[in-house]
Amino acid sequence: MEAAVAGDNDHYDSVDGQEGGTAAAVDPLVAADVALQAVVPNVDALTLEFIADPHDYEPVDCRWVDDEYEVGGSIYISLATEDAAAAAAAEAKFAWRRVVAETWRAVATKANVRNLTVRSLPPNMTTAWCGPEWAAFVGRLEYLSISVWGADNGAGWRSITTEGYCEFLTTHLKAFFFDHASGLLSLDFVASPDGTYGGKNLFYNVESNLGAANMPHLRRIRMQNCCFDPALLEFLRAHASTLEAIHLVDVMSETLLFSGPDQHSVTWAELFDGIASAAPPRLREFSATSMRVPVEDLAEPYQHLSADELDTVRRVRLKLAEEGGEATVPLFFYGWLDDKYGNVSVAARKIVESFAKGEDAAAYGRLMEVVRTNRDVLKC
């Protein structure tokens, strides 16, 4: 049985409950009671979706945090880092922080839930995640799907440019979700396009932190809007004996514009060979796709490349076809995070150069040979 709980920060008339009137404070106990009634005792699959307009930060009752810009919304809900004490203070002051905390506490009481989907997860920790009940709840999960909320401030700056957002991605997700997920079989993680997960450069440290020792029984992983880094490769190799499916959607290899001694990007060839060399015996599905990198139509953002550079891709594919290979071997996504605004930029020339060099395609072929062999063996 499945159940769904949705919450928003729209405000309603305090007299008749219709939209558009004077805002009334939200009673978190009411929200918790709604959650408890919606999630019946024998439910085993639960979807929670936070529906919010991050720019609707008036009135004060709808705010999430105190911030120096006194706007209370947009990317500034994660401007500052938070620990348990700061989260408790915010929940005492802001009604919607209390609503979220009480709702999570209600969810944690559901002993039968094995499948949890969280859509548009706000990048703020809650005191409800700090107790043993929450750790036990996550430990019972077998299927976990999380998408993280993100936005821009209307002037181009993305959520990832705030210190609190980076802390949430790298610290809180691990501490309150991944570290407890001892029984997880399937993980679907979707980062916001405005808050890439993974990678470490001179400007933003959002290094992936799934934890190589976590999720020891994981069979399937799907990641979207992420940047793979040494930590993610280590995680995939550590789970080589159990993984059956790996799907990467709009995941990039970071092209470092500026590098330091502790910065290291992983090429696609290194990722493919790293997985293949771990000899994953059960891996039967692998895909790496991106709408940011067209396979057949080399349009924007490639239009500024020279005719010779564009022709390189066509010639390599023709050669592959003549040799009996795959004429549509994908171009793999290379990009970088803008050091000012935090948006992802496509490294078009690097993509074409890497394709022409052939190392990524060759490593991809080696990995797919492992996948095909496993399919044949496991059919028997």
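Structural data are supplied above this passage.
Residues numbered from 1 in each chain as written. Predicted model: local features only at pLDDT ≥ 70, side-chain atom pairs only at ≥ 80, totals over all residues. Heavy atoms only, no water.

### A short note on the overall build of the protein
Point 1. Per the secondary structure count, the protein includes 10 helices and 12 strands.
Point 2. Among the 380 residues that make up the protein, the fraction classed as buried is 50%.
Point 3. If you take every contact in the protein between residues at least 6 apart in sequence, the share linking residues at least 24 apart comes to 76%.
Point 4. Of the accessible surface of the protein, which amounts to about 17100 Å², a share of 51% is contributed by carbon and sulfur atoms. (Helix = DSSP H or I, 4+ residues; strand = E, 2+ residues; numbered from the N terminus. Buried < 20%, exposed > 50% of the residue type's maximum accessible area, 1.4 Å probe, protein only. Contact = heavy atoms within 4.5 Å. Areas by Shrake-Rupley, 256 points an atom, 1.4 Å probe, with all protein chains shown as cover.)

### Topic: helix 9 (residues 348-357)
Given 3.6 residues to a turn, an α-helix orients residues that are three or four positions apart in the same direction.
Point 1. Taken together, the buried positions of helix 9 are A348, I351, V352, S354 and F355. Relative to the axis of helix 9, the buried residues are bounded by an arc of 165 degrees and lie together on one face. (Arc of directions from axis to C-beta.)

### Quick look at the sheet that holds strand 11 (residues 334-337)
Point 1. Read from one edge to the other, the open sheet built from 4 strands follows the order 7-9-11-12, with strand pairing classed as mixed. The open sheet terminates on both sides in strands that have one partner only, identified here as strand 7 (227-228) and strand 12 (344-346).
Point 2. Two strands pair when backbone bridges link them, and strand 11 and strand 12 are joined in this way by 3 bridges, in the antiparallel orientation. Bridging from a neighbouring strand, G335 pairs with V346 of strand 12. (Pairing = 2+ DSSP bridges.)

### Section: the packing of aromatic side chains
Point 1. Per the counting criterion, the structure on display carries 18 aromatic pairs.
Point 2. Note on W157 and Y341: the rings are 4.7 Å apart at their centroids and 55 degrees apart in plane angle, and the pair reads as tilted. Remark: Y341 occurs in the loop between strand 11 and strand 12 and W157 occurs in the loop between strand 4 (143-148) and helix 5 (163-176); sequence separation between them is 184 residues.
Point 3. Judged by relative accessible area, which is 30%, W157 ranks as partly exposed.
Point 4. The rings of W104, W129, W134, F137, F168, F176 and F177 are connected pair by pair, giving a single aromatic cluster.
Point 5. Taking NZ or CZ as reference, K350 lies 5.2 Å from the ring centre of Y334, over its face. (Phe/Tyr/Trp six-rings, centres within 6.5 Å; stacked < 30°, edge-to-face > 60°. Lys NZ or Arg CZ within 6 Å of the ring centre and 35° of its normal.)

### Let's talk about helix 4 (residues 132-140)
Point 1. When we look at burial in helix 4, the residues that qualify are W134, F137 and V138. Down the axis of helix 4, the buried side of the element spans an arc of 95 degrees, and every buried residue falls inside it.
Point 2. Looking at the buried residues of helix 4, the elements they touch are helix 3 (95-108), strand 3 (115-121) and helix 5.

### Digging into the pattern of salt bridges
Point 1. Counting across every chain of the model gives 10 salt bridges.
Point 2. The salt bridge involving R97 is made with E82; its shortest N-O contact spans 3.0 Å. Taken together, the positions of R97 in helix 3 and E82 in the loop between strand 2 (45-51) and helix 2 (84-93) put the pair 15 residues apart, joining distant regions of the chain. (Salt bridge = Lys/Arg side-chain N within 4 Å of Asp/Glu carboxyl O.)

### Thoughts on unusual backbone geometry
Point 1. You will see that D250, though not glycine, has its phi angle at about 50 degrees, which is positive.
Point 2. Among the structural elements, D250 can be located in the loop between strand 8 (245-249) and strand 9 (252-254).
Point 3. Judged by relative accessible area, which is 15%, D250 ranks as buried.
Point 4. For A279, which is not glycine, the phi dihedral falls at a positive 50 degrees.

### Section: the pairing of strand 4
Point 1. Relative to strand 4, strand 3 is paired through 5 bridges, and the arrangement is parallel. Pairing of L121 across the sheet is with V148, part of strand 4.
Point 2. Viewed along the sheet, the connection from strand 3 through helix 4 into strand 4 turns out right-handed.
Point 3. Pairing between strand 4 and strand 5 (residues 186-190): 5 bridges, direction parallel. Residue pairing across strands places L144 opposite L187, the latter belonging to strand 5. (Right-handed = clockwise from strand over helix to strand, strands pointing away.)

### Overview of the side chain of D229
Point 1. Locating D229 in the fold gives a position in the loop between strand 7 and helix 6 (230-238).
Point 2. If near-sequence neighbours (up to four positions away) are discounted, D229 is found in contact with G198, G199, E207, S208 and V266.

### Here's the deal with the pairing of strand 11
Point 1. Where strand 9 lies against strand 11, 2 bridges are found, and the strand directions are parallel. Residue E254 lies in a different strand from strand 11, and its bridge partner there is G335.
Point 2. Here strand 11 folds back onto strand 12 in antiparallel fashion, the turn holding 6 residues, of which G342 has a positive phi close to 85 degrees.

### What to know about the environment of Y143
Point 1. By the secondary structure assignment, Y143 is in strand 4.
Point 2. Once the C-alpha coordinates of Y143 and L187 are considered, the two residues, 44 residues apart in sequence, prove to be 6.2 Å apart.
Point 3. Those residues within four positions of Y143 in sequence are excluded, and the remaining contacts are R114, N115, L116, L184, L185 and S186.

### Observations concerning the side chain of S354
Point 1. By secondary structure assignment, the location of S354 is in helix 9.
Point 2. Since its relative accessible area comes to 9%, S354 is described here as buried.
Point 3. Those residues in contact with S354 that lie beyond four places of it in its chain are Y334, E359 and D360.

These figures come from the coordinates and say nothing about function on their own.
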